[in-house]
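Chain by chain, the residues:
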Amino acid sequence: MKHTGSYIIAAIWILIAIFLCGILVRGLSNSDKGWNILSLGNWFNKDFTPTGTETIETSYSESAVKSVDIDLVSSSFNMSVGSGDSIIVKITTNLPEEKRPVAKLNGSTLSVKTPKSINNFNFGQYKTSVEITVPASFNTSSRASSRDIRINSVSGSVRVDKLTVSSIDVDVVSGSIKLTDINADSVDTDSVSGSTTIEGKIRKFDVDSVSGSVHVTTSEMVDSNSSVNTVSGSVHISIPENKGFTLDYSSVSGTTKNDFTGFTSNHKTRSGKNEYKNGGVKISAETVSGSIHVEKN
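So, how was this worked out
- Residues numbered from 1 in each chain as written.
- Predicted model: local features only at pLDDT ≥ 70, side-chain atom pairs only at ≥ 80, totals over all residues.
- Heavy atoms only, no water.
- Phe/Tyr/Trp six-rings, centres within 6.5 Å; stacked < 30°, edge-to-face > 60°.
- Helix = DSSP H or I, 4+ residues; strand = E, 2+ residues; numbered from the N terminus.
- Buried < 20%, exposed > 50% of the residue type's maximum accessible area, 1.4 Å probe, protein only.
- Patch = residues over 30% accessible without salt bridge, like charges linked within 9 Å, V, L, I, M, F, W, Y side chains within 5 Å.
- Areas by Shrake-Rupley, 256 points an atom, 1.4 Å probe, with all protein chains shown as cover.
- Salt bridge = Lys/Arg side-chain N within 4 Å of Asp/Glu carboxyl O.
- Polar contact = N/O pair within 3.5 Å; in protein donor to acceptor, adjacent residues only side chain to side chain.
- Contact = heavy atoms within 4.5 Å.

Novice: Looking at this structure, I do not really get the packing of aromatic side chains. What am I missing?
Specialist: Centre distance and the angle of the planes are the two values used to describe a pair of aromatic rings. Taken as a whole and assessed by the stated rule, the structure comprises four aromatic pairs. For the ring pair F245 and F260, a centre distance of 5.3 Å and an interplane angle of 85° mean the geometry is edge-to-face. Of this pair, F245 sits in strand 17 (residues 244–253) while F260 is found in the loop between strand 18 (256–258) and strand 19 (263–264), placing the two residues 15 residues apart along the sequence. The same class applies to F245 and to F260, which are both buried. A centroid spacing of 5.8 Å and a plane angle of 50° characterise the contact between F245 and Y276, whose relative ring orientation is tilted. Of this pair, F245 sits in strand 17 while Y276 sits in strand 20 (residues 271–277); the two residues are 31 residues apart in sequence, bridging distant segments of the chain. Residue F245 shares its accessibility class with Y276, and that shared class is buried.

Novice: I'm lost on a nonpolar patch on the surface in this one. Help?
Specialist: A surface patch of nonpolar side chains, amounting to about 450 Å² of accessible area, comprises V173, V192, V210, V231, V252 and V288. Take V252: its relative accessible area is 59%, and that puts it in the exposed class.

Novice: Sorry if this is basic, but what is going on with the environment of G107 here?
Specialist: Within the secondary structure layout, G107 lies in the loop between strand 5 (102–106) and strand 6 (109–113). In the structure, G107 is positioned 41 residues away from K66 in sequence and 9.0 Å away in space, judged by C-alpha atoms.

Novice: Honestly, the environment of I70 in this entry has me stumped. Any pointers?
Specialist: By secondary structure assignment, the location of I70 is in strand 2 (residues 67–72). Put simply, I70 and V112 are 42 residues apart on the chain and 5.0 Å apart in space, counted from C-alpha to C-alpha.

Novice: What is the right way to read the side chain of S75 from this model?
Specialist: Tracing the chain through its elements places S75 in the loop between strand 2 and strand 3 (76–81). For S75, a relative accessible area of 1% corresponds to the buried category. Separated by 3.1 Å, the side chain of S75 and the backbone oxygen of V73 make a polar contact. For S75, the residues in contact, after removing those within four places along its chain, are P101, T114, T128, S153, S155, G156 and S157.

Pasting the structure below:
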């Protein structure tokens, strides 16, 4: 019986080897036709090769946009204040037209979305970036404090700078998140792989990260319970002098420091609560591997 099982396993491996050799031969014999053995597009669709890089630009009235919805695959994203009087969307890419992100206005929501297709995953030969610039009035109009921004990115960095909004929700699988000079009631981020940096006037934050350091700096004390959770990475929270808060902390491997109370954890106090003044709002910080530091700014 043992020999029979070995023969079956050997036969399976021989079949796999024959199949892989066939793939290699096909890739080599068709190299002059642009067939790339590493391109998923050649296995699931017609030949898919990069085109020349183009920039597609569209503009929208600031008064027409109440929310922004971004959904990208393998694209970097940047949003900031520009010098014009309209909202400008620039998509720079070498993808074929049918694979490019598309910008459009759905009611009062400005959306930029990548067509959902396995061909959007690649090995670095396709480059796409999305840039949105808004006028100064974006931050000063009556709509500013009620605007919501949602960003979802499978692979690519996300940068947002100098915006006033009600909320920002960022979800990234692979790539860094950097939100600077943000004025928001709430910031919610979720990252699998990549560092997270949040700076500005933040009333509430909720940060989740699997692998990557987290830095949160707010010039205004949070007024709602806030949290940072990461599996692998340090946690750094900087807040101003305030009436009081309770730090709910946990670090399996790492030290926790609270500059407001002078507390420093040891091997007996890896997790617990540390109260400043009246206790106030709760700030939760949890990491499996990494240090936690709450400091005054």
